[in-house]
Amino acid sequence: MEVNAKPVIFPITASQELNSEIAIAFRDTLKRKLWDFLIGDAEAEEFLLKNHKELLTDDSELKYFLLQVYCTNKLLVGECFEFKIWKE
């Protein structure tokens, strides 16, 4: 284990079986809708443009900065619903 790991990260040594058990439990929580995810990037852009007039400029760096969390979240959600569970 990493000596200088941040206390919010909990590294574990796991087997393929444990990984599968964790994935199955996680998928179950997704199916039961126990998670709330951010809105999609298209909805976020519409909301931000409506509520933050400074985004109406051509400053693409600012738009990217404000939307990147929503784009990253979209990828995370996709991974959550697409991941495969291996069970022996």
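Details of the structure are given in the entry above.
Residues numbered from 1 in each chain as written. Predicted model: local features only at pLDDT ≥ 70, side-chain atom pairs only at ≥ 80, totals over all residues. Heavy atoms only, no water.

For the rest of this paragraph, the subject is a nonpolar patch on the surface. Side chains of Ile 12, Leu 18 and Ile 22 sit close together on the surface and give an oily, nonpolar patch of about 260 Å² of accessible area. Its location among the elements puts Leu 18 in helix α1 (residues 16-31). (Patch = residues over 30% accessible without salt bridge, like charges linked within 9 Å, V, L, I, M, F, W, Y side chains within 5 Å. Areas by Shrake-Rupley, 256 points an atom, 1.4 Å probe, with all protein chains shown as cover. Salt bridge = Lys/Arg side-chain N within 4 Å of Asp/Glu carboxyl O. Helix = DSSP H or I, 4+ residues; strand = E, 2+ residues; numbered from the N terminus.)

So, on to the pattern of salt bridges. Under the definition given, this model contains 2 salt bridges. Its salt-bridge partner being Asp 28, residue Arg 32 comes within 3.0 Å of it at the nearest N-O pair. On the accessibility criterion, Arg 32 (51% relative accessible area) is exposed. Judged by relative accessible area, Asp 28 falls into the partly exposed class, the value being 35%. Notably, a salt bridge pairs Asp 41 with Lys 74, separated by 3.6 Å at the nearest N-O pair. Remark: Lys 74 occurs in helix α3 (residues 60-82) and Asp 41 occurs in helix α2 (residues 41-51); sequence separation between them is 33 residues. The partly exposed category is assigned to Asp 41, whose relative accessible area is 23%. (Buried < 20%, exposed > 50% of the residue type's maximum accessible area, 1.4 Å probe, protein only.)

When you line up the elements, Asn 51 lands in helix α2. When its relative accessible area of 41% is taken as the criterion, Asn 51 is described as partly exposed. A distance of 2.8 Å separates a polar atom in the side chain of Asn 51 from the backbone oxygen of Phe 47. (Polar contact = N/O pair within 3.5 Å; in protein donor to acceptor, adjacent residues only side chain to side chain.)

Let us now look at the environment of Ala 23. Counting through the fold element by element, Ala 23 comes out in helix α1. A residue is classified by how much of its surface remains accessible, and Ala 23, at 13% relative accessible area, is buried.

One non-glycine residue with positive phi stands out, namely Lys 33, at about 55°. Here Lys 33 shows up in the loop between α1 and α2. According to the relative accessible area criterion, Lys 33 is exposed, its value standing at 70%.

Another aspect to go through is the packing of aromatic side chains. This model, assessed by the stated rule, comprises 2 aromatic pairs. Taken together, a centroid distance of 6.4 Å and an interplanar angle of 15° make the contact between Trp 35 and Phe 37 stacked. On the basis of relative accessible area, Trp 35 is assigned to the partly exposed category, the value being 42%. According to the relative accessible area criterion, Phe 37 is partly exposed, its value standing at 29%. These aromatic residues form a ring-pair network of at least three members: Phe 26, Trp 35 and Phe 37. (Phe/Tyr/Trp six-rings, centres within 6.5 Å; stacked < 30°, edge-to-face > 60°.)

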